[in-house]
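Below, each chain spelled out in residue letters.
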Amino acid sequence: MHVRLCARVLTRRSAAQPECLGASEPEPGRFLISALRRPKGPGPRAAAFFPANEGMQMFRGPLTAVPAAFVALGFCLGSAQADSTRDVLTTYADIAQAGYEDSRDTARTLELAVDAFLAKPTEANIRAARAAWIDARIPYMQTEAFRFGNAIVDDWEGRVNSWPLDEGLIDYVAKDYGTESPENELYAADVIRNVSLTIGGKKLDASKITKKLLADDLQEAGGVEANVATGYHAIEFLLWGQDLNGTGPEPGNRPATDYDLKNCTHGNCDRRAAYLRTATGLLVDDLAWMAKQWAPGGDARKVIMNDSDEAGLTALMTGLGSLSYGELAGERMKLGLMIHDPEEEQDCFSDNTHASHFFDALGIRNVYLGRYRRADGTYVEGPSVSDLVKAKSPEVDAEVRAKLDATMDGMNTLYLRALTTESYDQMIAEGNAEGNKVVQNAIDTLLAQTKAIERAVAVLDLKSIEFEGSDSLDTPAKVSEGG
């Protein structure tokens, strides 16, 4: 029996319109992977691993890439026709606006969860706040494809997603962390415990934990990038604490009583709560600001729409290639795999790195295909750079699409391994041949994808593009030698 289902899809160009889905069998080469729900168990690991956004995510790839239980409903969607490069750049800006709005809104949900936790600091409530943090990462990671080609994003991005961080700047740490670093005078400053700090020989009053203190005085204080006082990863550390398991199982496990004013562990629970509340509010502010930059009349959208077509496409393709190659394949994956260091995994306190990598890769796909699934399940879509490439070279467009498919296939494998077998920091551990192979395969798909993106750049005749590099890919001997 053939069943036809109709979904209502929101596009940039029209109100909700029905599109039919063939649901008897998935179309060969297409599949949907369900957004897995969190288990109800009490452990922090359960909260750390499962994205909780409702509905389905669509990815192309071989059906063998996921268990049969995760395969359902093949979408039958036609591609939008690109009327002009202006239309493509409008779609690009629309997806950016939607992604940052979703990031803002999920951060507001996180803020509510943090407020509820601080009002009643129980283990159940800290797990709920952690779950909200994980949910908030899903739309944000998909916006990283707008980095590298847009100066306004690059100048701002460090406020929300800087890593790695010297967590001793913020709060108590284990003894083996140490008390000083020749590169950072604030390595173990512990602003939650200390109401006065010295930076560059000058006293800093830290008695009141304010947004200004975190964003203006402590963030990258002394010009040290590891002084991360704001953003997702500062909040992550405050919710999970250090992951002291190395390449062993389980994420950090900060007790809820670290925030319990009546039964305080590790001291300074009032200041710790003030820091968490302030950092979360600041994250919402920063994301709201960036969403406005991409809205009609916003500075980011103006730059894309008012400059030349070539400049707009250059920004778009620079973001895709740089994230695919130097940032994701290189700095975030290959480096940690080469040196087998769990400190080189991005979401190192929560063990959520597999999800961050997955949604980074999905963000690249969104931009190339001109289609983004919002947090509420609706879609923003329109003419895409894929349409422009296809008009000039169907073969190159088909190659890019195939490489995007292969990347999502590799990321699916990595993601599912993290859910069912071992966390990402375990996968990159020395001596774990099977886990190393899964990570390396995902890296290889990103490298192949980047080469296809380069060919698309040539087809579009964009001459001034240079993708971000990474020593781990470009000069691996230098990394191996510790240079």
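Shown above is the structure to which this text applies.
Below, the structure is looked at part by part. Values in this document were obtained by computation on a predicted structure and should not be read as measured data.

## Looking at the overall build of the chain
Looking only at helices and strands, one finds 16 helices and nine strands in the chain. Within the span of the chain, comprising 483 residues, buried residues form 58% of the whole. In the chain, the share of contacts with a sequence separation of at least 24, taken over all contacts with a separation of at least 6, comes to 72%. When the accessible surface of the chain is summed, it comes to about 19,500 Å², and 51% of that surface belongs to carbon and sulfur atoms.

## Quick look at the environment of tyrosine 424
Residue position: tyrosine 424 is located in helix H13 (residues 424–427). Note: C-alpha distance between tyrosine 424 and asparagine 352 (72 residues apart in sequence) is 7.9 Å. Excluding its chain neighbours within four sequence positions, the residues that come into contact with tyrosine 424 are Arg332, Met333, Glu345, Thr353, His354, His357, Leu414 and Val439.

## Observations concerning the state of the cysteines
Chemically, a disulfide is nothing more than a covalent bond linking the sulfur atoms of two cysteines. Counted according to the given criterion, the structure contains one disulfide. Between cysteine 264 and cysteine 269 runs a disulfide, and the two sulfur atoms are separated by 2.1 Å. Measuring handedness by torsion sign, the sulfur bridge of cysteine 264 and cysteine 269 sits at about 95 degrees and is right-handed. Residue class for cysteine 264 comes out partly exposed when judged on its relative accessible area of 33%.

## A few points about the packing of aromatic side chains
Under the defined criterion, the tally for this structure stands at twelve aromatic pairs. Relative to tyrosine 259, the ring of phenylalanine 117 has its centre 5.2 Å away and its plane inclined at 70 degrees; by these criteria the two rings are edge-to-face. Residue phenylalanine 117 is found in helix H2 (residues 85–119), and its partner tyrosine 259 is found in the loop between helix H6 (232–240) and helix H7 (269–294); the two are separated by 142 residues along the sequence. When the centroid spacing of 4.2 Å and the interplanar angle of 10 degrees are considered together, the rings of tyrosine 177 and tyrosine 187 count as stacked. With a gap of ten residues between them, tyrosine 177 in the loop between helix H4 (151–161) and strand E6 (196–199) and tyrosine 187 in the loop between H4 and E6 connect regions that are remote in the sequence. Accessibility assignment for this pair places tyrosine 177 and tyrosine 187 in one class, buried. Above the face of the phenylalanine 237 ring, arginine 254 is positioned so that its terminal group lies 5.1 Å from the ring centre. Taking NZ or CZ as reference, arginine 371 lies 3.8 Å from the ring centre of tyrosine 379, over its face.

## Some thoughts on the environment of glutamate 430
Structurally, glutamate 430 is set in the loop between H13 and helix H14 (433–459). On a C-alpha basis, the gap between glutamate 430 and leucine 337 in space is 8.3 Å, while along the polypeptide they are 93 residues apart.

Thresholds applied
- Residues numbered from 1 in each chain as written.
- Predicted model: local features only at pLDDT ≥ 70, side-chain atom pairs only at ≥ 80, totals over all residues.
- Heavy atoms only, no water.
- Helix = DSSP H or I, 4+ residues; strand = E, 2+ residues; numbered from the N terminus.
- Buried < 20%, exposed > 50% of the residue type's maximum accessible area, 1.4 Å probe, protein only.
- Contact = heavy atoms within 4.5 Å.
- Areas by Shrake-Rupley, 256 points an atom, 1.4 Å probe, with all protein chains shown as cover.
- Disulfide = S-S within 2.5 Å.
- Phe/Tyr/Trp six-rings, centres within 6.5 Å; stacked < 30°, edge-to-face > 60°.
- Lys NZ or Arg CZ within 6 Å of the ring centre and 35° of its normal.

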